[in-house]
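Summary of structural features
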Amino acid sequence: MGASSQEAHEAHEAHQTPQTALATAAAVAQAAVTEALSESESAAESVSALDAAPLDAAQALVASAATAHGAPAAFSAPFGDQAGAMGGTSAAAAGAPPVGESGASSVDGARADGAHAVSPLKCGGGILVSQHASLIFSDSDVSLCRDHCVLVEHGALALLRGNTISRGRLCGVSVCERGKALLIDNRIGGNKGPAVCSVDSGDAVLVGNTIKGGLEAGVLISKAGSALIKDNQLSENARPGVVVCRGGHAEMRGNRIFSGREEGVWVCEDGSATIVENEVMGNSHAGVWVSSRAHVELSHNWIHHGLSEGVVIEDEGSRGVLLSNCIQNHRGPGVVVSSCGEAELSENDIHTNWGPGVAVCLEGRALIQKNRIHHGLEAGVLVSSSDAAARVEANEIFANERPGVVILSGANPTIRGNRIHGGQENGVWVFEQGLGELTANELFGNVEAEISVANGAAPLISNNIIQHSEHVGIDVGEACAGRVLNNQFFGKPKLHVVCKSNGEPGGRARQDGNQLKVQRNQFYTDIRSSGSSAGRRSRRRFS
């Protein structure tokens, strides 16, 4: 090739290179993300697929191709003449955005209707990914948008990595109408709407993002939307850190949700959530609130130091399963089950709360088994109201400032197989027409009577081991009824059962309407040691 021909070829190549190189880079990036995403039924399944895709290499290729020709990389294939749906201007038809005098990219808004890759840019008008388009968007600043900062809709696919998305008038990122989005290591905050929305069958994955200081919820999943929320930090949002409602579903793992002005997590209106190994702390309202027919599974979470309740489950049709969580140091109860809500609590550690460790009331229904409930400033377990239903079985309830178990206002729970000890008041307190079946429990070391029955209460107390030492075993007030059957008492003889209506221990007390029946119990004068045979039997036995 002659000198003049070579010069002409180089001039032609230089003229063509920016568009050609960027388009080639876009094709590589598109192949990386599309292959990983298109065959996945959900965005969650795409996380592992993307790990194998040459995503970082594709993004680097886009950046290097642009830098080599003196322009920052951005949308790398033509968009046509349509303006961005959020009120921004259209992208340049040549594929690269215009370059200002400072050398920085300047695009007010853009629309992706095909296969595109994005590298560092600053965008004020918002990004729309629509109509089955695919988009990679990284290391950019999207702020002060007039609508959603990023909108992914109508079957589109988007990967957002390492961006700052802030101060939009609506959502930071909205995923809707079968759109899929993966958000990795972004900083999202200060938006007037939720930082991230997955609604109307949208599907989002959030991994390693910081979501802070929004004027609404941190993440909203609604209207059959879904989301996997993993290893994120959500803090200081004006509404709940995460809201799941209206048939939405969320899987939350390994997040820190803290210092919010309302609930840490709110699941309501037929929403459902699986919440595993998260830390929820320091929120102004409940750590987790479940209401309006919502279903939640919480396991291995640390829910602590909230300014209100730890976990609340309420309303008919709502159900919570709590397994192996630590719920501590709240300024209200640890767990509340009320208003026809239903809960199952197993193997949780519930302690140092300012209210009852677990409260069941107002038609709430709860199975409370194999938990440790201790060192609370109120009762360990409170069951109140005649329409509440609770089974309290095989728990360790100890060292609470108020009674280990409180039954009142006509409540009729089953208290079975628990160890209730070391409390600063009674082991069990039944009063105000409280009922209940207390069976096969071990009570010892409480400061006041191991069981107190007062104010017209009428429990069944059977087959318990009651070690009362120098204080009263069962203290019975006036106008009480019920039965004390087949129990073993260890302690001072005249203090096994004391009926205040006649001032005498034991017997069938009838004075002042007291109808408590004490039958077939065994009484011992010394204290039973764990794992040893029973102490010396007293001669006194009630018939």
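An account of the accompanying structure is given in this report. This is a predicted model, so every value here is computed, not measured.

This part takes up the overall build of the chain. Looking only at helices and strands, one finds 3 helices and 55 strands in the chain. Classification of the 543 residues of the chain by burial places 56% in the buried group. Summarising the internal contacts of the chain: among those between residues at least 6 apart in sequence, 44% fall at separations of at least 24. Of the accessible surface of the chain, which amounts to about 21,300 Å², a share of 49% is contributed by carbon and sulfur atoms.

Right, let's get into the pattern of salt bridges. Scanning all chains against the criterion turns up 17 salt bridges. Taking the shortest distance from any N to any O, the salt bridge between K230 and D231 comes out at 2.9 Å. Overall, K230 belongs to the partly exposed group, its relative accessible area being 33%. Here E342 ties to R365 by a salt bridge, and the two come within 3.7 Å at their closest N and O atoms.

With that settled, consider the packing of aromatic side chains. Counted under the stated rule, the structure contains 3 aromatic pairs. A centroid spacing of 3.9 Å and a plane angle of 10° characterise the contact between W429 and F431, whose relative ring orientation is stacked. A residue is classified by how much of its surface remains accessible, and W429, at 22% relative accessible area, is partly exposed. Consider the rings of F489 and F523, whose centres lie 5.0 Å apart with planes at 15°: the pair is stacked. Of the two residues, F489 sits in strand β51 (residues 488–491) while F523 sits in strand β55 (residues 522–524), which places them 34 residues apart along the sequence.

The next subject is the side chain of N487. Along the chain, N487 turns up in the loop between β50 (483–485) and β51. On the basis of relative accessibility, which here comes to 1%, the residue N487 falls in the buried class. At 2.8 Å, the side chain of N487 and the backbone nitrogen of N464 are in polar contact. The contacts of N487, once residues within four sequence positions are left out, are I461, S462, N463, N464, R520, N521 and Q522.

On to the nonpolar core. Residues V173, V196, V219, V242, V335, I451 and I474 are the most contacted members of the largest nonpolar core, which totals 89 residues. Not counting chain neighbours up to four residues away, the residues in contact with I474 comprise I451, V453, I461, I466, V484, F489, H496, V497 and V498. Ranked by size, the runner-up nonpolar core spans 11 residues in total, among them L151, A217, L220 and C268.

Right, let's get into the side chain of N395. Mapped onto the elements of the fold, N395 is located in the loop between β38 (389–393) and β39 (396–398). A distance of 2.9 Å separates the side chain of N395 from the backbone oxygen of I368, its partner in a polar contact. Sequence-distant contacts of N395, that is, excluding residues within four places in its chain, are made with I368, Q369, K370, N371, G417, N418 and R419.

Its place among the elements puts V360 in strand β34 (residues 358–360). For V360, a relative accessible area of 0% translates into the label buried. Each C-alpha atom, one on V360 and one on I313, is 9.8 Å from the other, the two residues being 47 residues apart in sequence. Those residues in contact with V360, other than ones at most four positions away along the chain, are V337, R365, A366, I368, L382, V383, S384, A388, A389 and A390.

A few words on the pairing of strand β31 (residues 335–338). Covered by surrounding structure in β31 are V335 and V337 together with V336 and S338, the residues of both alternating faces. When strand β28 (residues 311–314) meets β31, the two strands line up parallel, connected through 4 bridges. Counterpart to V311 in the pairing with β31 is V335. Direction of pairing for β31 relative to β34: parallel, over a ladder of 3 bridges.

Unusually for a residue other than glycine, E277 sits at a positive phi of about 55°. Here E277 falls in the exposed class, since its relative accessible area comes to 55%.

What counts as what
Residues numbered from 1 in each chain as written. Predicted model: local features only at pLDDT ≥ 70, side-chain atom pairs only at ≥ 80, totals over all residues. Heavy atoms only, no water. Helix = DSSP H or I, 4+ residues; strand = E, 2+ residues; numbered from the N terminus. Buried < 20%, exposed > 50% of the residue type's maximum accessible area, 1.4 Å probe, protein only. Contact = heavy atoms within 4.5 Å. Areas by Shrake-Rupley, 256 points an atom, 1.4 Å probe, with all protein chains shown as cover. Salt bridge = Lys/Arg side-chain N within 4 Å of Asp/Glu carboxyl O. Phe/Tyr/Trp six-rings, centres within 6.5 Å; stacked < 30°, edge-to-face > 60°. Polar contact = N/O pair within 3.5 Å; in protein donor to acceptor, adjacent residues only side chain to side chain. Core = buried A, V, L, I, M, F, W, Y, C linked by side-chain atoms within 4.5 Å. Pairing = 2+ DSSP bridges.

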